Amino acid sequence: MTPSPDCPLCPRLASFRDTQRADHADWFNAPVPSFGDREARLLIVGLAPGLRGANRTGRPFTGDYAGDLLYTTLLRFGFARGVYRADPQDGLALVDCLITNAVRCVPPENKPLPAEIKTCNTFLRDQIGTLPRLAAIVALGRIAHDATLTSLGAKKSHHAFGHGAQHKIGAVTLFDSYHCSRYNTNTGVLTTEMFESVFAQVRASLPSP
Ligand code: URA
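Just so it is clear, the model here is predicted, and its values are computed rather than measured.

Asker: I would appreciate a short explanation of the layout of surface pockets in the present structure.
Answerer: Taking a probe equal in size to a water molecule and rolling it over the atoms shows the remaining empty space. As a volume, the largest pocket reaches approximately 720 Å³. Looking at the largest pocket, it is lined by 33 residues, and the ones nearest its centre are Leu47, Asn110, His179, Ser181 and Arg182. Looking at the lining of the largest pocket, the elements that each hand over two or more residues are α3 (65-76), α5 (142-152) and α6 (182-186). A per-element tally of the lining of the largest pocket places α6 first, with three residues. Here the lining of the largest pocket is built from residues that sort into 18 nonpolar, nine polar and six charged.

Asker: Hey, could you run me through the sheet that holds strand β1 (residues 35-36) in this one?
Answerer: Within a beta sheet, neighbouring strands are joined by backbone hydrogen bonds and run either parallel or antiparallel to one another. A sheet is described by the order of its strands in space; here six strands give the open sequence β1-β5-β2-β6-β8-β7, paired in mixed fashion. Because the sheet does not close on itself, it has two edges, and the strands there are β1 and β7 (166-169). As defined by bridge partners, strand β2 (residues 42-46) adjoins strand β5 (residues 97-101) across five bridges and the pair is classed as parallel. Looking across to β5, one finds that Gly46 is bridged to Asn101. Most of the contacts of α3 go to β5, to which it runs at about 165°, and overall it touches β1, β2, β5 and β6 (136-140). Packed onto the sheet, α5 meets β2, β6, β7 and β8 (172-177) and runs at close to 140° relative to β6.

About the cut-offs
Residues numbered from 1 in each chain as written. Predicted model: local features only at pLDDT ≥ 70, side-chain atom pairs only at ≥ 80, totals over all residues. Heavy atoms only, no water. 1 Å grid on protein atoms, 1.4 Å probe; cavity = no way out; pocket = protein on both sides within 12 Å on 5 of 7 lines; lining within 4 Å. Points joined across faces, edges and corners; volume = space filled by probe spheres on them. Helix = DSSP H or I, 4+ residues; strand = E, 2+ residues; numbered from the N terminus. Nonpolar A, V, L, I, M, F, W, Y, C, P; charged D, E, K, R; others polar. Pairing = 2+ DSSP bridges. Contact = heavy atoms within 4.5 Å. Axes fitted to C-alpha atoms, helices over the stretch in contact; angles between N-to-C directions.

Pasting the structure below:
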């Protein structure tokens, strides 16, 4: 199950979407679908589309500042092929990897409310359930970590978020990373090396076929 383009479940997000549609008729302005390989072993869970990034282009992290580091890293570790040009028509293909968000609609000021994260969890849970080969999940930030635990029916008290932490949950290993946002990279909370070290661990757990 994926949200309809006019998904009404979160009234505040639906109203924000209406405003964006009126102001920017040429933008995507709808719940952003997952992107990548439907047979993937690796799922990446982000927070929510950026206003002028994924909400404009319709592809997760595409056109968002955070996408520059994310897609560069996926290319480096063999989870993508092609060239990332911040454009859904760039031909970039994900390899053994799918990207989704904890919240599918762009939230005002990049901050989804707890009720919105909870409501949208239906779609994350469904997405996780459709991946027959899923073995690893990378959660980008604490909100994605918590939403993933909820989707998997795992307890937060047993799985504290921490950059570089790994959590074995049934057949899946959850890898935590700080979110690759502009704020985190500009302030040095997350460096390229720190981000790459998470993907090195993921790659070690998922040898190339
Ligand atoms: N940040 C996210 O968490 N997700 C996106 O799709 C874009 C930016």
